[in-house]
Amino acid sequence: MALPTTYRNVVVAYDGSEGAKAALARAAEIVARDGSALTLVEAVAGKVPSPAPGGPPLAKPEKRAMAREDLKRAIQGVDPELLAGGWVIGGPPASGIVTVAEDIEADLIVTGSRGRGAVARAVLGSVSTEILHSSPCDVLVVHPGSAERTG
């Protein structure tokens, strides 16, 4: 299969982490270069620890609200001419992001990496690894800090 010279629809897996911010920056460069559409996707899965030390875990609706705010801040930093949309989805992150990519016929998913080693990935799993193995399109994994090295 020949690689496309340009990408039409680019999905960014976003969760507010440094890796996700680096992925968004790289995706914005690609979209600006190719004149493609950019879609940010943030997945919410189950309960998560409270942002307040010692606080109770956040339930899914609270996490969804926080994710919407997080995504809103990310979108505000993107050139409006580049942006196609943003989605907060429920369920396992990797499969949800891949489903959105399939639904919008994306030809590239850009995801960040937390920079964990092989042992941590094996024990904790990796959203980027799951996306790589199940994506219907090209995947670019951006390491945190790579924007500073290249940019």
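Presented here is an overview of the structure given in this document. Keep in mind that what you see is a predicted model, and the values were worked out from it rather than measured.

## What about the sheet that holds strand E5 (residues 138-142)?
In sheet architecture, strand pairing relies on hydrogen bonds along the backbone and comes in two forms, parallel and antiparallel.
Step number 1: Within the open sheet, the five strands sit side by side as E3-E2-E1-E4-E5. Their pairing is parallel. One side of each edge strand has no neighbouring strand; the edge strands of this open sheet are strand E3 (83-90) and E5. If you compare each strand with its neighbour and ignore which way they point, the axes differ by 20° on average.

## What to know about the pattern of salt bridges
Step number 1: The full count for this structure, using the stated rule, is five salt bridges.
Step number 2: For Arg-26, the salt bridge is made with Glu-29, and the minimal N-O distance between the two is 3.5 Å. Residue Arg-26 and its partner Glu-29 are both found in helix H1 (residues 18-34); the two are separated by three residues, about one turn of the helix.
Step number 3: Asp-70 is the partner of Arg-73 in a salt bridge, and the nearest nitrogen-oxygen pair spans 3.7 Å. Here Asp-70 and Arg-73 lie together in helix H2 (residues 60-76), a separation of three residues that amounts to about one turn.

## Here's the deal with unusual backbone geometry
Step number 1: Even without being glycine, Glu-105 reaches a positive phi, approximately 55°.
Step number 2: The topology assignment puts Glu-105 in the loop between helix H3 (93-103) and strand E4 (108-112).

## With respect to the environment of Glu-81
Step number 1: Its place among the elements puts Glu-81 in the loop between H2 and E3.
Step number 2: As a C-alpha pair, Glu-81 and Leu-38 span 43 residues in sequence and 9.5 Å in three-dimensional space.

## Description of the pairing of strand E1 (residues 9-13)
The side chains of a regular strand alternate, first on one face of the sheet and then on the other.
Step number 1: When you tally the buried positions in E1, you get five out of five residues, the bulk of the element.
Step number 2: Side-chain alternation along E1 places Asn-9, Val-11 and Ala-13 on one buried face and Val-10 and Val-12 on a second face that is also buried.
Step number 3: The sheet contact formed by E1 and strand E2 (residues 37-44) spans five bridges and is parallel. Note on E2: the bridge partner recorded for Asn-9 is Ala-37.
Step number 4: Note on the crossover from E1 through H1 to E2: the handedness is right-handed.
Step number 5: Bridge analysis of E1 against E4 gives four bridges, and the strand direction is parallel. Bridge assignment links Ala-13 to a residue of E4, and that residue is Thr-111.

## Some thoughts on the side chain of Asp-34
Step number 1: Among the structural elements, Asp-34 can be located in helix H1.
Step number 2: Only 2.8 Å separates the side chain of Asp-34 from the backbone nitrogen of Tyr-7, close enough to count as a polar contact.
Step number 3: Residues contacting Asp-34, with those up to four places away along its chain left out, are Thr-5, Thr-6 and Tyr-7.

Thresholds applied
- Residues numbered from 1 in each chain as written.
- Predicted model: local features only at pLDDT ≥ 70, side-chain atom pairs only at ≥ 80, totals over all residues.
- Heavy atoms only, no water.
- Pairing = 2+ DSSP bridges.
- Helix = DSSP H or I, 4+ residues; strand = E, 2+ residues; numbered from the N terminus.
- Axes fitted to C-alpha atoms, helices over the stretch in contact; angles between N-to-C directions.
- Salt bridge = Lys/Arg side-chain N within 4 Å of Asp/Glu carboxyl O.
- Buried < 20%, exposed > 50% of the residue type's maximum accessible area, 1.4 Å probe, protein only.
- Right-handed = clockwise from strand over helix to strand, strands pointing away.
- Polar contact = N/O pair within 3.5 Å; in protein donor to acceptor, adjacent residues only side chain to side chain.
- Contact = heavy atoms within 4.5 Å.

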